[in-house]
Amino acid sequence: MNIKSNICLLLSCGFLTILLMGCDNFLSHKDPSNLNTGNYFTQPSHAEGIVNATYESLYPVQSNASWLMTELRTGALNSTFTPNGGFPDFKIISDLQMSADHPAVNNYWVSHYRGIGNANLAIAEIPNIEMDATTQNRLLGEARFLRAYYYFNLVRVFGEVPLITESVDLGSPDLEPSRSSVESIYQLIVEDLTAAESSGLPFNDSSGRVTLGAIKSLLADVYLTMAGYPLQMGTEYYTLARDKAKEVIDSQEYSLFDSYLPFRESSNDNTGEHIFSVQYLQGEQNNDVLQIGLPPFKFGVSAYSSEQGFGFARDEFVASYEAGDKRAEERVFFFTSYSSESDRNETVQFPNQFIYKFWDEQAHLNTAQSGLNWQVIRYADVLLDFAEASNEVTGPTTEAYEAVNKIRRRAELNDLSGLTKTEFREAIWKERWHELIYENEIWFDMVRTRKAYDIEDDAFNDYVGHSFVDGSTLQERDLLFPLPTNELRNNENLTQNPGY
Amino acid sequence: MTLVSIEKLLAYLEQEENVQFSYNKELLAGNSKVTVRLENVGLDQALDEIFKNRGIQYYALNDGYIVLRASNQKQVIETVSGTVTDAQSNEILPGVNVTVKGTTTGTATNTDGEYSLSVPSLNDTLMYSFIGYQTTEIPINGRTEIDVQLQAQAISGEELVVVGYGTQQRSDLTGSVGTVDEEAFKASSPTSLQEGLSGKIAGVSVSKNSGRPGSRATIRIRGNSSITGPNDPLFVVDGVVLPQANLSNGTSPIDYLDPGNIKSIEVLKDASATAIYGARGANGVVLVTTKGPVQDGGTVSYDGSFSASKLPAWSKIGLLNSEQFLAVEDLAFQNAAKYGLAGSVVDPATKRTDPRLFDSSGNPLYDTDWQEEALRTALTNSHNLSFSGGDRNNSYTVNLGYRDEEGILEKSSLKRYSGRLNINNQINDWLTAGATINYSVQEASQPRAVGAGGITPTRSILQALPITPVRYPDGTFGRTSDYPGMEGGAQPIRLVNETKRILDGTNTLADAFANFDLAEGLTLRTTFGLNIIDQETKFYAGDDLRFISDNGRAEISDEKITSWQFENYLTYETEVLEGHSFTGLLGLSWERVDNFTKFARADDFLDDYFEFNNLGIASNPRPPQSGASAHSLNSYFARVNYTIDSKYLFTVTGRFDGSSRFSEDNQYAFFPSGAIGWRVSEEKFMENSSTISNLKLRTSYGVTGNSEIPNYSTVTGLGNYSYIVGGTRVTGVGLNQMANPNLKWEKNTQVDLGVELGLFSDRVEFEGDIYYKKSEDMLLAAPVPSTSSYSTVIRNIGSMENRGVELTLKTRNISKSNILWSTSFNISINKNKVLHLTGGQDIVQGGNPVTGNRIIREGEPVNSFYGYIQLGTWNTDEAAQAAQYNRLPGDIKYKDINSDGAINEQDRVIIGNGNPDGYGSLINNVTYKNFDLMVDIQYMYGNETAFNSRATTLDRTGITNVLTEVLDAWTPNNQDTMVPEIRPTAAYKDRLSSTGRIENGSFIRGRNIVLGYNFPSELIQKWGKMKNVRIYASMQNFFLIDEYPGFDPEVSSFTGNFSQGDDLYSYPKPRVFQLGLSFSL
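Nothing here was measured: the structure is a model prediction, and the numbers come from that model.

Draft legend 1. Layout of the overall build of chain B. When its secondary structure is counted, chain B shows twelve helices and 57 strands. Relative to the 2.2 N^0.38 estimate, which gives 31 Å for 1081 residues, the radius of gyration of chain B is 34 Å and therefore close to what a compact globule would have. Projected onto its principal axes, the C-alpha positions of chain B cover 120 × 70 × 65 Å. Here chain B holds 1081 residues, and 56% of them are scored as buried. As displayed, chain B has an accessible area near 42,100 Å², and 52% of this comes from carbon and sulfur atoms.

The structure is reproduced here in structure tokens:
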């Protein structure tokens, strides 16, 4: 035995180990599961990847919380959804007692800015990727459309919001941004949509991606809103809105469905009347936005296990439809009874008018999974935008009457004719209420027109001072939602909307 | 070929052959020199050759002992006898084990303390061992009568204490180190390490927060020191650092260690002690020493116990019975009009027609007590068998463990199989090597996932309808939906039968070491440790379980953690000058932890038969998921201990740690510490003190760290996205994690001042510490404005302090030969305060109205409960005032803090804290003759417990069962109450997180009482050479004094950092009756 030689061997082994494990390598790791900004945007597929990521925000953006936020403020929706079971209290929205720490406003804010962040990254990085120019332009167009759409929602819900157009990191001056003017937000929206218009996207496409039709339709809506409150840009923008909507109509790419049934069938997704929708696929990406929220709570009519049933129509609203309006018939937009889940031969009667407009029968009867898309823009909306803008510019025209009457004919109502400009304006608004209710449109109409439909008196009141049937009265502050508490706490440069 | 003396030759053989010769020197007197040629011969041949014709015979005993005798001498076995007494009191000691060292030969003293033992040779050594006394070895040296005095154990300072990378005599310690020794650990017959540690050491809070089998207790050493990182201590098992990971369902790597393998536990509390673990020492370090090999002959020992657990009567929660439930439903209906719901609520009387549930006059047929039905008497048995053997050169231990534990919740259980092998080998005089391998397999059934809201069995116990049965006479389950209009969660028995959550885990913990004695006092130790944890969670929920599964749901998730560490360190011990001793340590370490996770889920099964065993049969498979991540640590460490005349003690420690989690500029950090100790009692002027037997003052200062943040936090990490395009799923990659390239270590600076005092020959021992701990650059996933697209970023944010006092008093009240009574009392007081937050704004976490909010605010204890103050309910006189708040008499009245006429977020205040002001325990040990008794009482005060279960169990009047507290609800005749008026759930009812759910969480608990009996040695000798036989009975959780309305105030339903005192449908804690048997031979 030779102690010394052993020790020598050992020490040399030790040193060898130290050399082998050179500190630099030993402590440097890369995340094997995720890319980072250092190794992304190197391949054409990455351009598509970031745009897909931008689309994904449509899901939280069009969540049931955002739906309740805007629909409960129309006064046409009621909710029994008290703050039970860990879900936030939504009743306070229809009671107009919404406060800044309601999770719904936080969700609205956070999900939109996540979408904007990915869009910003896409718009900044895609031009640097070496790839087919056509695809590159189209992808940029999609990203711009989505960014515009996200900002359009934000500016209407919160008013002045921070305008973020570049990626933010810890060192960015935009980390704690101030609010930007409403004008500057709309400027970006118009800029993005205009750029997207020339990005070579097809007018129509059944895949569900952004199309030229969607871009023009959204732009029409944007111009119409800019013409109204709060910017009040007036006739110039009504003209722009009219012309843009007309481009969509004249393209003849879209047409109204013959009846209301196709809205409830996913086989009609991305066809006919649908211009832009949030895409769902049964089993892969179930539409849980409303399908699990619509079934009347506790009545045992649906295969859904998680039935919550947070919203139903106010009876007075259903009563406000003209006599004979197809849409107010049982099981068109509303329903008051359905077969029992335990025995489909037995009928369950509800105490209220529940919403049937998006009821995916197959999902409720059997699968408890719905692949029905959630519509963001449909042709009826474009027709009504056109009619309203056109009336503001020139008063009633044959074309404008035709746009509204197409919708009325489907509801089996008489054509409108011979109205004054003011009468026609209110008739279009009323048509919007009765056609587009519960589609995240009406509250935005109320704010841009500062008018609210009095469902009991069939008249339009000023927004501020309008009372819902249960007595809650809209105030100045209710023209906007409060900025979320969290956000104000984390960013000293933000201010709260007045009244909250 | 040389002429050598036989003695030298034998000495040479002893070294070469690992044997030991035992002989009388006179035997060799005439045979001084021999010439032998020993090449390629066996030992037997060599000995035959040496002793040939020399009149010497040899006998090989076991364990390498060889006895030499004159051939002519008759083979007489010598007999040694004597009496054993207590060194202090001179009282006789019966039952003392006397064995011949290195053999299994042994006896025990009789009732007069006398023994008589046959020995192979008068050159042997006798060993005297007795519980409570130090084991004493006495060489016979030819005597036949030996009287022995045994010293009582625990003379302070004599024991060796395990410290990081070495051991030290307690008297030489300069840091604050608490010990649970073998006896104390064993005495409580713990089912886990945490249980054995519970209450034993001041400053170490162990909260057993759930009654679930295998549930992890929360350990906090000197409070919470981190906001983000785990506040759990670092666990080191036999030198191997376990990965700091939270595994699924609330377990951590230490939970895999069979407590039967644990010998002792040391807890390093102050920075002087923990600094050697540098970056990971901030939360304290728990050093676990497992049972090592024994060198005094072979031992077989067995430990087994059987126990029964049951919900103690005091824990039961008051819930409505059938009659009350229906009355409450009626009352809700009657009140409907007041809340504008006239006509929209069905008259409950019209629903009571189902003949399965009601008789013809609408009276309920059942009155089910779901606590009785779902909580059973649970049986547990546990067995531990160990074999050890060897001699001073080679030794081994084998442990086999089995535990089969039932939880009191139906279907919850845990099975653990463990095996362990430990070998040690003194290869030669300069090299020792050894290895340990632990392997354990766990199989747990957890019907209630940890931290889960939603529909869980523990929730449905509280909310299931008393009017529905467990099963109908035809055997089908009673369902909530059998009574119309109810909320749809399944009742608990159906739930545990139709869902299955199995947690399968395997853990391999292995280490190997080699110790090189390089020179006098200089050793090099090299160790390699490995820990592989593979944990699989399998879940299946049957068809038709509302809120849980859509036509059957199966999930399988798997998590694998592989960690290794390679450490080398030199230790040098020397006496520099007379009385100046020096110990130096210098080492380096590499460590790496890899994680890999997999997840698969599928929905819609055509039959429940398959459960999670055939995901492919499901018609709706979900996208599979996987993830990998790793981090590594490279460290250099050194320590110097310098002692002058055993009076002045100095320790300096430094560790340089580098972690892959930080960016290159901040990768390495240095963690120094220093400590001074003064053993006053060793000074001349104390020499004659008859009262003070030990007095030591010590103080330390040091810096430790925390690096437990997610891997890769310094880069802008992207994440998965997906969208549907053209009817198929397309994936995308987008923003996920904001980078913080400037991340650095969280630093924890601690000052400690301690005193150790022993009085009256250490019959009274006192140890006190005061400390101040400041955490700086705290790592927090701090919120950032969401306009950045991110919600949080890991940042070094702010600072926090903990200050506290720890006192331990141990007394030996009676110390007589047949009666020993000792008492140990400890108390720990800790105050936590957030000193500074970057930007100064509060950080509010949580936000769910059920689980409430927590706030981090400057000047306040970290993560206090945050919410509204409930003043009561609005009474009829206050109707006008209530109307301002849009409320009615009967509604909850909250305090309008800023008097702005609205109850909103500005009216929230700090309403409590889950951490106690103080806690501790009082433990009494009494030994009377062969009986021993331990009584362990635990207490905690100044903490609040949030009874969050109340959120749903008060509100859901008429749609689920609720607490009997609703019987005190507001009525026009009962206006002075906290409970709002009963109403249909469709009516508005406030449910803000408020003081209405905050309860006093203070308590005194009879944690454990153990009565044991050791069979007398003479008796067990007769049974077959047994060394000891002990039977014991114990009762855990034998009383509880508290004011808490839930199951138990010591509770946490979640695994988060600050979830102490957060009770949401917690798993109730049982009272446990246990019977046990242990023996060794």
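Draft legend 2. Representation of helix H10 (residues 212-227) of chain A in the model. In this model H10 of chain A runs 22 Å from its N-terminal to its C-terminal C-alpha over 16 residues, within 8% of the 22 Å that 1.5 Å per residue would give. Most of H10 of chain A is tucked away, with 16 of its 16 residues classed as buried.

Draft legend 3. Just the interface of chain B and chain A, in detail. Taken together, the 92 residues of chain B in the interface contact 86 residues of chain A. The contact between chain B and chain A buries some 7,400 Å² in all, and 57% of this surface belongs to carbon and sulfur atoms. Ionic pairing is found between Glu-284 of chain A and Arg-729 of chain B, a salt bridge with its closest N-O pair at 2.5 Å. Applying the counting rule to chain B against chain A returns 23 residue pairs in polar contact (both at pLDDT 80 or more). Looking at the side of chain B that touches chain A residue by residue, the classes come out as 41 nonpolar, 36 polar and 15 charged.

Draft legend 4. Fine view of empty space enclosed by the protein. In total, this model carries 17 cavities of 30 Å³ or more according to the counting rule given. Computed from the structure, the largest cavity encloses a volume of approximately 750 Å³. Along its surface, the largest cavity is lined by 45 residues, and Thr-191, Ser-192, Glu-195, Lys-208 and Gln-1036 of chain B are the ones closest to its centre. Listing elements by their share of the lining of the largest cavity, those giving two or more residues are helix H4 (193-197), strand E22 (299-310), strand E24 (394-406), strand E25 (413-428), strand E51 (931-941), strand E54 (1003-1014), strand E55 (1028-1042) and strand E57 (1071-1080) of chain B. Its residues placed into classes, the lining of the largest cavity shows eleven nonpolar, 19 polar and 15 charged. Looking at the second largest cavity, its volume works out to about 170 Å³. Along its surface, the second largest cavity is lined by 20 residues, and Tyr-149, Asn-153, Arg-156, Val-376 and Asn-440 of chain A are the ones closest to its centre. Mapped onto the lining of the second largest cavity, the elements with two or more residues apiece are helix H5 (64-72), helix H8 (133-158), H10 and strand E6 (374-378) of chain A. Residues of the lining of the second largest cavity, tallied by class, amount to nine nonpolar, six polar and five charged.

Draft legend 5. Layout of a negative patch on the surface. Among the surface-exposed residues, Asp-315, Glu-316, Glu-456 and Asp-457 of chain A lie close enough to one another that they form a single negatively charged patch. In this structure, Glu-316 of chain A sits in helix H12 (residues 315-319).

Draft legend 6. Region of interest: the sheet that holds strand E18 (residues 234-237) of chain B. Residues and elements named next belong to chain B. Spatial ordering of the open sheet is given by E15-E20-E21-E18-E19, a layout of five strands whose pairing is mixed. On the outer flanks of this sheet lie strand E15 (177-180) and strand E19 (240-241), each paired with one strand and no other. The pairing of E18 with E19 spans two bridges and is antiparallel. Residue Val-237 lies in a different strand from E19, and its bridge partner there is Val-240.

Draft legend 7. Main features of the sheet that holds strand E12 (residues 148-150) of chain B. All names here are of chain B. Read from one edge of the open sheet, three strands run E9-E6-E12, paired in mixed fashion. A strand with exactly one partner marks an edge of an open sheet, and here the two such strands are strand E9 (114-119) and E12. For this sheet the average axis-to-axis angle between neighbouring strands, irrespective of direction, equals 35°. Sheet analysis places strand E6 (residues 78-86) next to E9, joined by six bridges and oriented antiparallel. Across the sheet, the residue bridging to Thr-79 is Ser-118, located in E9.

Draft legend 8. Focus on the packing of aromatic side chains. Residue and element names in this part refer to chain A. For the coordinates displayed, the defined rule picks out 67 aromatic pairs over all chains. An angle of 80° between the planes, with centres 5.2 Å apart, marks the rings of Tyr-260 and Phe-333 as edge-to-face. Taken as a pair, Tyr-260 in the loop between helix H11 (235-251) and strand E2 (274-278) and Phe-333 in the loop between H12 and strand E4 (334-339) lie far apart in primary sequence, 73 residues in all. Judged by its relative accessible area of 2%, Phe-333 is buried. Three or more aromatic residues joined by ring pairs form one cluster here, namely Trp-67, Tyr-260, Phe-317, Tyr-321, Phe-333, Phe-334, Trp-429, Trp-433, Tyr-438, Tyr-453 and Phe-460. The ring of Phe-481 is capped by Arg-73, whose NZ or CZ atom sits 3.8 Å from the centre of that ring.

Draft legend 9. Representation of the pairing of strand E33 (residues 648-659) of chain B in the model. All names here are of chain B. Sheet analysis places strand E32 (residues 625-644) next to E33, joined by twelve bridges and oriented antiparallel. Looking at E33, one finds that Asn-634 is bridged to Gly-658. Where E33 lies against strand E34 (residues 668-679), eleven bridges are found, and the strand directions are antiparallel. Paired with Leu-649 across the strands is Gly-677, a residue of E34.

Draft legend 10. Structural detail: the side chain of Asp-269 of chain A. Looking at the element boundaries, Asp-269 of chain A is found in the loop between H11 and E2. A polar side-chain atom of Asp-269 of chain A sits 3.3 Å from the main-chain amide nitrogen of Asn-373 of chain A.

Draft legend 11. Region of the structure containing the pairing of strand E42 (residues 799-815) of chain B. All names here are of chain B. Here strand E39 (residues 764-776) pairs with E42 via twelve bridges, running antiparallel. Along E42, the bridge assignment pairs Val-764 with Thr-811. Pairing analysis gives 16 bridges linking E42 to strand E43 (residues 819-836), with the strands arranged antiparallel. Its bridge partner lying in E43, Ile-814 is registered against Trp-821. Connecting E42 to the antiparallel partner E43 that follows it, the hairpin turn spans three residues.

Draft legend 12. Main features of the packing of helix H3 (residues 44-56) of chain A against helix H7 (residues 103-125) of chain A. All names here are of chain A. Remark: H3 packs on H7, axes separated minimally by 8 Å, with the N-to-C direction vectors making an angle of 160°. Regarding the angle of H3 to H7, the classification is roughly antiparallel. The crossing of H3 and H7 is left-handed. Residues Ile-50, Val-51, Ala-53 and Thr-54 of H3 lie in contact with H7, whose contacting residues are Gly-115, Asn-118, Ala-119, Leu-121 and Ala-122.

Draft legend 13. How the structure looks around helix H17 (residues 442-449) of chain A. Residues and elements named next belong to chain A. Burial within H17 is extensive, with eight of its eight residues counted as buried. Those residues of H17 lying buried are Ile-442, Trp-443, Phe-444, Asp-445, Met-446, Val-447, Arg-448 and Thr-449. Once H17 finishes, Arg-450 follows within two positions and takes phi at roughly 55°, a positive value.

Draft legend 14. Geometry of the confidence of the model for chain A. For chain A, per-residue confidence averages 89 on the pLDDT scale, and residues scoring 70 or more make up 91% of the total. In the predicted structure, residues 83-87 of chain A sits below a pLDDT of 50 and forms 18 contacts with residues beyond four places in sequence or in another chain.

Draft legend 15. Structural detail: the nonpolar core. Membership of the largest hydrophobic core comes to 165 residues, with the highest contact counts inside it found for Phe-145, Tyr-151, Phe-158, Ile-189, Phe-276 and Tyr-438 of chain A. Ranked by residue count, the leading element in this core is H8 of chain A, at 14 residues. If sequence neighbours within four positions are ignored, Ile-189 of chain A has contacts with Ala-148, Tyr-151, Phe-152, Val-155 and Val-222 of chain A. Ranked by size, the runner-up nonpolar core spans 40 residues in total, among them Leu-319, Phe-358, Val-470 and Val-966 of chain B.

Draft legend 16. Seen up close, the pattern of salt bridges. Inspection of every chain in the model, using the stated rule, returns 85 salt bridges over all chains. The partner of Asp-603 of chain B in a salt bridge is Arg-601 of chain B, and the shortest N-O contact between them spans 2.7 Å. Its relative accessible area of 18% is what places Arg-601 of chain B among the buried residues. Arg-887 of chain B is the partner of Asp-990 of chain B in a salt bridge, and the nearest nitrogen-oxygen pair spans 2.8 Å. Taken together, the residues Asp-990 of chain B in the loop between helix H11 (950-955) and strand E53 (998-1000) and Arg-887 of chain B in the loop between helix H10 (879-884) and strand E48 (892-894) connect sequence positions 103 residues apart. Each member of the pair, Asp-990 of chain B as well as Arg-887 of chain B, is classed as buried. Each member of the salt-bridge network shares a partner with another, and the members are Glu-273, Glu-322, Asp-325, Arg-327, Lys-357, Arg-378, Arg-408, Arg-410, Glu-431, Glu-435 and Glu-439 of chain A.

Draft legend 17. Highlighting the side chain of Ser-210 of chain B. All names here are of chain B. Here Ser-210 shows up in the loop between strand E16 (204-207) and strand E17 (218-221). Separated by 3.0 Å, the side chain of Ser-210 and the backbone nitrogen of Arg-212 make a polar contact. Ignoring any residue separated from it by four or fewer positions in sequence, one finds Ser-210 in contact with Ser-215, Tyr-1067 and Lys-1069.

What counts and what doesn't
- Residues numbered from 1 in each chain as written.
- Chains lettered and ligands numbered in written order.
- Predicted model: local features only at pLDDT ≥ 70, side-chain atom pairs only at ≥ 80, totals over all residues.
- Heavy atoms only, no water.
- Helix = DSSP H or I, 4+ residues; strand = E, 2+ residues; numbered from the N terminus.
- Rg over C-alpha atoms; globule rule 2.2 N^0.38 Å.
- Buried < 20%, exposed > 50% of the residue type's maximum accessible area, 1.4 Å probe, protein only.
- Areas by Shrake-Rupley, 256 points an atom, 1.4 Å probe, with all protein chains shown as cover.
- Expected span 1.5 Å × (residues − 1).
- Contact = heavy atoms within 4.5 Å.
- Buried area = accessible area lost by both parts, 1.4 Å probe.
- Salt bridge = Lys/Arg side-chain N within 4 Å of Asp/Glu carboxyl O.
- Polar contact = N/O pair within 3.5 Å; in protein donor to acceptor, adjacent residues only side chain to side chain.
- Nonpolar A, V, L, I, M, F, W, Y, C, P; charged D, E, K, R; others polar.
- 1 Å grid on protein atoms, 1.4 Å probe; cavity = no way out; pocket = protein on both sides within 12 Å on 5 of 7 lines; lining within 4 Å.
- Points joined across faces, edges and corners; volume = space filled by probe spheres on them.
- Patch = residues over 30% accessible without salt bridge, like charges linked within 9 Å, V, L, I, M, F, W, Y side chains within 5 Å.
- Lys, Arg positive; Asp, Glu negative; His and termini not counted.
- Charge placed at Lys NZ, Arg CZ, Asp CG, Glu CD.
- Pairing = 2+ DSSP bridges.
- Axes fitted to C-alpha atoms, helices over the stretch in contact; angles between N-to-C directions.
- Phe/Tyr/Trp six-rings, centres within 6.5 Å; stacked < 30°, edge-to-face > 60°.
- Lys NZ or Arg CZ within 6 Å of the ring centre and 35° of its normal.
- Parallel < 35°, antiparallel > 145°, perpendicular 65-115°, else oblique.
- Left-handed = near helix turned anticlockwise from the far one by under 90°.
- pLDDT = per-residue confidence, 0-100.
- Core = buried A, V, L, I, M, F, W, Y, C linked by side-chain atoms within 4.5 Å.

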